[in-house]
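One letter stands for each residue in the lines below.
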Amino acid sequence: MQAINYAELTNHADLGAKVINVLKRDGFMLLSGISSVQQFKELSSAVTPDFMPYIGGSNNQRRLVDETAKITTAPGGKHNGTIQLHGEMCYKDSRPDVLFFYCETPAQSGGETIYADGIELYEKIIEDPDLEQLLTRRVCYHRKRDPDVWKSLYSTQDKQTVIDYCEGEGIEASFNDSDMLFTRYVDALVQQSYWNDKQVFINNLLGFARNPRKKGEIYSWITFADNSEIPGDLITRLQKIVARYTRKLKLNKNDILILDNRRMLHGRMSFSDENRNI
């Protein structure tokens, strides 16, 4: 992936349109030469005036950098393990169309961004008849959250506020007597492209399937919509295909990666440098 210099891009008559055209064609765009969070904010604001807050997500360790543009830090510090390929917030109805990543401080080693094209993946996956059948099934994302975690993720201590929010996002939510939050969200594994009629493999299956439910205490898992188990051999075959078409990208200081979240799955390799800041 070759980076476009930010200075060259700003000379374009319509910066936002230029970025969107590249996303329509490739699904991603890499920029170099950004020198500050303010420039990052200016670029993202030129592409879209609408930003989503990180509410009801999977990680409560993100730090808010800018309220207006909803800029947060990516998981880091002790949360430095591998992040499986996923579509951002595919466990609720509203999800961002475009993602912006600004590399302020890269890890000294590791921490590469991984990504895969959901259109390409769909075309390869359906070559296997069993996996093609799997893709026709709806799945359910299950999560449970301790009280301290859900209060942080939903920015509230009120349980009814959480239930109302989840209801508006198509999520079934309930609490047990210990104030543990349990959620269920049903969705398809394949969506239609935002820009054309192509089918896209874009979901959170790989992340939610990483720990079989029977192997001890976990906080997220996936089943078919009827709560039946997804066969492990199908997930293994799917993982092998996805791995074959996954690419790695080492972000350098002041790089920006822009992704079409309706098409591109993304993730991250593990790292040990606590100074890394994305």
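Preceding this section is the structure that the text describes.
If you're wondering where the values come from, they're calculated on a predicted model, not measured in any experiment.

So, the pattern of salt bridges
Within this structure, the stated rule accounts for 12 salt bridges. In this structure, the salt-bridge partner of Asp 128 is Arg 237, at a minimum N-O distance of 2.9 Å. Residue Asp 128 is found in the loop between α4 (118-125) and α5 (129-134), and its partner Arg 237 is found in helix α9 (residues 232-244); the two are separated by 109 residues along the sequence. Judged by its relative accessible area of 18%, Asp 128 is buried. Under the relative-accessibility criterion, Arg 237 is labelled partly exposed at 29%.

Focus on the side chain of His 142
Position of His 142 among the secondary structure elements: in strand β8 (residues 138-145). Apart from the residues within four sequence positions on either side, His 142 is in contact with Thr 183, Arg 184, Phe 208, Tyr 219, Ser 220, Trp 221, Ile 222, Thr 223 and Asn 227.

Remarks on empty space enclosed by the protein
In the structure shown here, the tally under the stated rule is three cavities of 30 Å³ or more. Looking at the largest cavity, its volume works out to about 60 Å³.

Points about the sheet that holds strand β13 (residues 220-224)
Paired through their backbone hydrogen bonds, the strands of a sheet run either parallel or antiparallel. Taken in spatial order, the four strands make up an open sheet running β9-β10-β8-β13, and their pairing is antiparallel. Edge positions in the sheet fall to β9 (172-175) and β13, since each of these pairs with one other strand and no more. Strand-to-strand twist in this sheet, taken as the mean axis angle between neighbours without regard to direction, amounts to 20°. Sheet topology note: the β8/β13 ladder contains five bridges and is antiparallel. Counterpart to Tyr 141 in the pairing with β13 is Ile 222. Helix α7 (residues 159-168) contacts β9 and β10 (181-188) of the sheet and is inclined by roughly 165° relative to β9.

Side note on unusual backbone geometry
Residues other than glycine seldom take positive phi values, yet Met 89 does so here, at roughly 60°. Met 89 sits in the buried class, given a relative accessible area of 3%. If you check the backbone angles, Asn 227 has positive phi at about 75° while not being a glycine. Tracing the chain through its elements places Asn 227 in the loop between β13 and α9.

Cut-offs and rules
Residues numbered from 1 in each chain as written. Predicted model: local features only at pLDDT ≥ 70, side-chain atom pairs only at ≥ 80, totals over all residues. Heavy atoms only, no water. Salt bridge = Lys/Arg side-chain N within 4 Å of Asp/Glu carboxyl O. Helix = DSSP H or I, 4+ residues; strand = E, 2+ residues; numbered from the N terminus. Buried < 20%, exposed > 50% of the residue type's maximum accessible area, 1.4 Å probe, protein only. Contact = heavy atoms within 4.5 Å. 1 Å grid on protein atoms, 1.4 Å probe; cavity = no way out; pocket = protein on both sides within 12 Å on 5 of 7 lines; lining within 4 Å. Points joined across faces, edges and corners; volume = space filled by probe spheres on them. Pairing = 2+ DSSP bridges. Axes fitted to C-alpha atoms, helices over the stretch in contact; angles between N-to-C directions.

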